[in-house]
Amino acid sequence: MNVLLIDRKTIAEGTTEIALDLGGQDFNFRAGQYINLCIPSLAHPDTKGNCREFSIASSPHERGIVKTAIRNSDSGFKRTLLSMPIGSTLQMDGPFGLFTIPKRQINPVVFIAGGIGITPFMSMARAAAEATSPGNMMLITSNHRIERAAYREEMSALEKANPNFSVKENIGHLTPEFLQETMTEVPEAVYYLAGPPKMVFEIRQALKNAGVDEDSILAEEFVGYE
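Residues numbered from 1 in each chain as written. Predicted model: local features only at pLDDT ≥ 70, side-chain atom pairs only at ≥ 80, totals over all residues. Heavy atoms only, no water.

Digging into the overall build of the protein chain
- Scanning the protein chain for helices and strands turns up 5 helices and 11 strands.
- By the compact-globule yardstick of 17 Å for 226 residues, the protein chain fits well, its C-alpha radius of gyration being 17 Å.
- Per-residue burial for the protein chain yields a buried fraction of 50% across its 226 residues.
- Sequence separation of 24 or more characterises 75% of the internal contacts of the protein chain that already satisfy a separation of 6 or more.
- If you sum the accessible surface of the protein chain, you get close to 10,900 Å²; carbon and sulfur atoms cover 51% of it.
- Side chains of the protein chain carry 21 positive and 27 negative charges; the gap between the two charge centres is 3 Å. (Helix = DSSP H or I, 4+ residues; strand = E, 2+ residues; numbered from the N terminus. Rg over C-alpha atoms; globule rule 2.2 N^0.38 Å. Buried < 20%, exposed > 50% of the residue type's maximum accessible area, 1.4 Å probe, protein only. Contact = heavy atoms within 4.5 Å. Areas by Shrake-Rupley, 256 points an atom, 1.4 Å probe, with all protein chains shown as cover. Lys, Arg positive; Asp, Glu negative; His and termini not counted. Charge placed at Lys NZ, Arg CZ, Asp CG, Glu CD.)

Focus: the pattern of salt bridges
- One pass over the full model with this rule turns up 13 salt bridges.
- Between glutamate 62 and lysine 67 there is a salt bridge, and its shortest N-O distance comes to 3.4 Å.
- We classify lysine 67 as buried; its relative accessible area is 18%.
- Put simply, Lys9, Glu17, Arg126 and Glu154 are held in one network by salt bridges that share partners. (Salt bridge = Lys/Arg side-chain N within 4 Å of Asp/Glu carboxyl O.)

Concerning the pairing of strand 10 (residues 190-195)
- Burial runs high along strand 10: 6 of the 6 residues are buried.
- Side chains Val190, Tyr192 and Ala194 of strand 10 all project onto a buried face; the interleaved residues Tyr191, Leu193 and Gly195 project onto the opposite face, where all are buried too.
- Both strand 7 (residues 109-114) and strand 10 contribute to a ladder of 5 bridges, which runs parallel. Within strand 10, the residue paired with valine 109 across the bridge is valine 190.
- When strand 10 meets strand 11 (residues 217-221), the two strands line up parallel, connected through 5 bridges. Residue alanine 194 lies in a different strand from strand 11, and its bridge partner there is glutamate 220. (Pairing = 2+ DSSP bridges.)

Some details on the state of the cysteines
- Applying the stated rule across the entire model yields 1 disulfide.
- Sulfur-sulfur distance for the disulfide between cysteine 38 and cysteine 51 comes to 2.0 Å. Taking the sign of the S-S torsion, 110° for the link of cysteine 38 and cysteine 51, the bridge is right-handed. Here the residue cysteine 38 occupies a position in strand 3 (residues 34-38), and cysteine 51 occupies one in strand 4 (residues 51-55), the gap between them amounting to 13 residues. (Disulfide = S-S within 2.5 Å.)

Points about the environment of alanine 128
- Relative to the elements of secondary structure, alanine 128 occurs in helix 2 (residues 118-130).
- Between the C-alpha atom of alanine 128 and that of serine 88, which follows or precedes it by 40 residues, the distance is 32 Å.

Here we look at the side chain of glutamine 33
- Position of glutamine 33 relative to the elements: it lies in the loop between strand 2 (15-21) and strand 3.
- Of note is the side chain of glutamine 33, whose polar atom sits 2.9 Å from the backbone nitrogen of arginine 30.
- Aside from chain neighbours lying at most four places away, what touches glutamine 33 is Ser55, Ile56, Pro95, Phe96, Gly97, Phe99 and Thr100. (Polar contact = N/O pair within 3.5 Å; in protein donor to acceptor, adjacent residues only side chain to side chain.)

What follows is the structure in structure tokens.
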């Protein structure tokens, strides 16, 4: 479907949120899914082509608009997307993906986001707050520097709005000790991991070594930021 670029705003150092207007078209998705976004004509050449996959950051309850977040880079695609005029037409396909929470949430859920991996969890947190979800959710964000942490203020507001949602912030390397403390706070949890492949692999292994069952770990790797 054709969509319009209607807004761009900086949400952290080197990170931009993109808003797309659906023009009244129906688009139903579940929090945690992603879209394929294409730019009809790139202003800068890109060997990877004119399309990229992005996790949706907006809530399914937010009708008429889809938001996503990107790490800025020097790729031709990103340079074009970050400089093209507001009101430009893009092509969007989707939704795709199974990285979603069951409609009947039984166990507590722990989200662990590395860097831009926060995007699908932003959609889940927004949706949970709007639906006053009774399920217990914890979000752990991990960034090398606090300036790179996206959505910090909104996450704090969502934490205040939803008594069943809590946020823990980690700056620097996410250690097994930090994870062990979380497991003590939220026993019997299901873990959702999103971030760079190396980070996802290390956390998955740390959780398994600590006794978390493989079936209780779901992961989405963000391969590259271009």
